Every structure is written in structure tokens, then in C-alpha cells.
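# Summary of structural features
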Amino acid sequence: MEWQEIETFLVLCEERHFARTAQRMRLSPARVTQLVQRLERFVGTPLFTRSSRQVDLTETGKHLYEDLEPAYRKIRESLKQAADRAATPTGELRIGFLGPGTAKVLADLMAAFAADHPAVDARMVLEVEVGDPLKPLREGRVDVVAVHFPIREPDLVTGPVIMREAKVVAAPASSPLAAKERFDVEDLADLPIILAGDAAPPYWREAFLPQVTPGGRRTTVAATADTFQAGLTLIGAGRYFAPVSEQIARYYPRPDIVYRPLDGLDPCLLGLVWSAERETEAVRAFARLAESRPVVDTTGEDGA
């Protein structure tokens, strides 16, 4: 006996009409007849009496309907509950972030997520290093991470943008150039620039320091650093300059560094990234929530 035979029998009991049953089941009338006949052969007696005007249940058919219909409804309810449980996020969601401003945006998202998904233990577990922001994700220490876009890695999934902010220049307070009110992308060709470490994606570094400026001038990476603090320490020592995201100016004020607006580069976009192999329903639900909310845009602040 097939599941489709039982479903067809129950629908025909309700409709008492082969054509309407066929339409409801999205089958041909001939297929409905075939399925009913197979069920009748299995039972060993007719289940319906048929005429040109109507279809009626036999006594055996009535008893079978009374026994089957509640059991069928219970099975459907159980299957639906199982599907709902499978689609409901559970377990844990470990989140990594790049920069304290990003952490603030994530904290707000997590509060909303916790209200909608109490069965998920969502928490921020670490701040990724600017020199290798994707390492914890690939090592399985986090399930999702919020980092600068673009990310073009075949093993990773890029989700929604959660934050948009301006780029600024971090300059040594001891440098004569600290008196400048603004920097332009063309100025970067004249400066010793410190950037994220070599493990950071090259296209990521290019977004902060193009190898060639729009005016055709070549830039130079004079040094690299794996953490914000290491890079800022070298800048504060008077040796280097760096194009950074505006949140660095907000959260890392230092007496030996000034932050100035930077013109000519696109704003920073920060978004969610996760492993394609380890994608879970909790990750997908968190990404859907982030996508449904407005992008936090701080580009109206110049970070000076």
C-alpha cells in the first residue's frame, strides 16, 4: 500500500466526486480511479459504490474512513511538528567581530535575535585580528564573523552588510602633516603606510590602499601589523600613517595620534561571513534578521 492511495481515498471520501478529487490531488481522473482500485484490491472488497450521479461509501469504506482519518491527521501533524523543529534554530551561535564599533552593532542584533530565538545560545566569543580576520572562522572557533567587505573566498558565504562607515587617516600627532584638516587618496602615495598583515586578503588591503591612486600614483606599504593596537603603537611612534575605518577613531583615541577625514575612497562596508560547510539554521536565522534591519550608517561622522 502506498501513502498516495490513502490520501486519495480520504479526499474522495470528502469530495464524493472523482473529478474534484483529481483536481485537488493534482492527478488525472484515471490515476485516481487506479489508486482507489488498488486500495480496494488490498482490502479485498469495494470501498465505494459508483453511479453516473454520485459516489457513496460502502459500509467497509465508512469504517475504514473512520479509522484512517484520525490516524492520518495525527501523522500529518507529527510530520509538520518535526519539520517545524528542524527549521527552528537551536544550539549555539558563536560570533566573532572586527572592531569595537562592529561589536556594538552585533550586540544590538543579538538582543533582537535572543528575543525571537530563545533556544539558541548566541554570544560574541572573540575579536578577530585585523591581520588574519578569517582564521577563526576557518578553524571553527566561530560560526559567523563580522568583517570588512569585500570577501571573495570560495569556501565562505557572504551575508548582509550590517554597518557602513567612512575611512579616515590615522596620523602621528608629532608629524607636521597632523595639521592637515583632511587627506585625499592622492596623499597616500606620499606617505609611509602601515596596513593589515600579509595574511589578510589582498583585495581587502586594496580597498584601504589602492596600489595605484586614481591619479596614477603608486602607493607603498611600508609596514604591516596584525592587530589594531600594534599598528596604532607604530603610528603613534611617528613612523607611519594608516587609512582606517572611522570606528578606530571613535574607540581608540590616543594623545600621540590624530584622525583626519580621508576623501576619495569608498566607505567601509562591514558584513556577516560564515563557512559554507558549517552553515546552520542558527546562522541563517541570524543573517535573515540582520538583513531585515537597517544598515548602521556612520558616514555622516568624519572621525576627526
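Coordinates for the structure precede this section.
Read on for a plain summary of the structure. (Residues numbered from 1 in each chain as written. Predicted model: local features only at pLDDT ≥ 70, side-chain atom pairs only at ≥ 80, totals over all residues. Heavy atoms only, no water.)

Now for the pairing of strand E12 (residues 257-263). Within E12, six of the seven residues are buried, which leaves the element mostly enclosed by the surrounding structure. Two elements, strand E7 (residues 167-172) and E12, share five bridges in a ladder whose sense is antiparallel. When the bridges of E12 are listed, Ala170 appears paired with Tyr259. Pairing geometry for strand E8 (residues 183-184) and E12, over two bridges, is parallel. Residue pairing for E12: Asp184 is matched across the bridge by Asp263. (Buried < 20%, exposed > 50% of the residue type's maximum accessible area, 1.4 Å probe, protein only. Helix = DSSP H or I, 4+ residues; strand = E, 2+ residues; numbered from the N terminus. Pairing = 2+ DSSP bridges.)

On to the nonpolar core, then. Among soluble globular proteins, nonpolar side chains are generally buried collectively. If you look at the biggest cluster of nonpolar residues, it comprises 41 residues, and the most contacted ones within it are Leu93, Leu106, Ile162, Leu188, Leu272 and Phe286. Leu156, Val168, Tyr203 and Val273 belong to the second largest nonpolar core, which has 33 residues in total. (Core = buried A, V, L, I, M, F, W, Y, C linked by side-chain atoms within 4.5 Å.)

The next point concerns the sheet that holds E12. What links the strands of a sheet is backbone hydrogen bonding, and the strands pair in either a parallel or an antiparallel sense. Overall, mixed pairing links the four strands, which are arranged E8-E12-E7-E11 in an open sheet. For this open sheet the edge positions go to E8 and strand E11 (242-245), each flanked by a neighbour on one side alone. On the sheet, helix H8 (residues 228-236) packs against E7, E11 and E12 and is oriented at approximately 100° with respect to E12. (Contact = heavy atoms within 4.5 Å. Axes fitted to C-alpha atoms, helices over the stretch in contact; angles between N-to-C directions.)

Moving on, we come to the environment of Gln229. Considering the arrangement of structural elements, one finds Gln229 in helix H8. Separated by 159 residues in the primary sequence, Gln229 and Pro70 have C-alpha atoms spaced 67 Å apart. Other than its neighbours up to four places away in sequence, Gln229 contacts Tyr252 and Arg254.

Looking at the secondary structure, you find Thr158 in strand E6 (residues 156-165). Put simply, Thr158 and Leu272 are 114 residues apart on the chain and 6.1 Å apart in space, counted from C-alpha to C-alpha. Not counting residues within four places of it along the chain, the set of residues in contact with Thr158 comprises Phe149, Ile151 and Leu272.

So, about the sheet that holds strand E5 (residues 144-149). Taken in spatial order, the six strands line up as E4-E3-E5-E13-E6-E14 in an open sheet, and their pairing is mixed. Every interior strand has two partners, whereas the edge strands, strand E4 (120-127) and strand E14 (296-297), have only one. Of the pairings in the sheet, the one linking E6 to E14 comprises two bridges and is parallel in character. Paired with Arg164 across the bridge in E14 is Asp297. Sheet contacts for helix H5 (residues 100-116): strand E3 (91-97), E4, E5, E6, strand E13 (268-275) and E14; angle to E4, the most-contacted strand, approximately 175°. Helix-sheet contacts for helix H10 (residues 281-292) involve E3, E4, E6 and E13, and the interaxial angle to E13 is about 160°.

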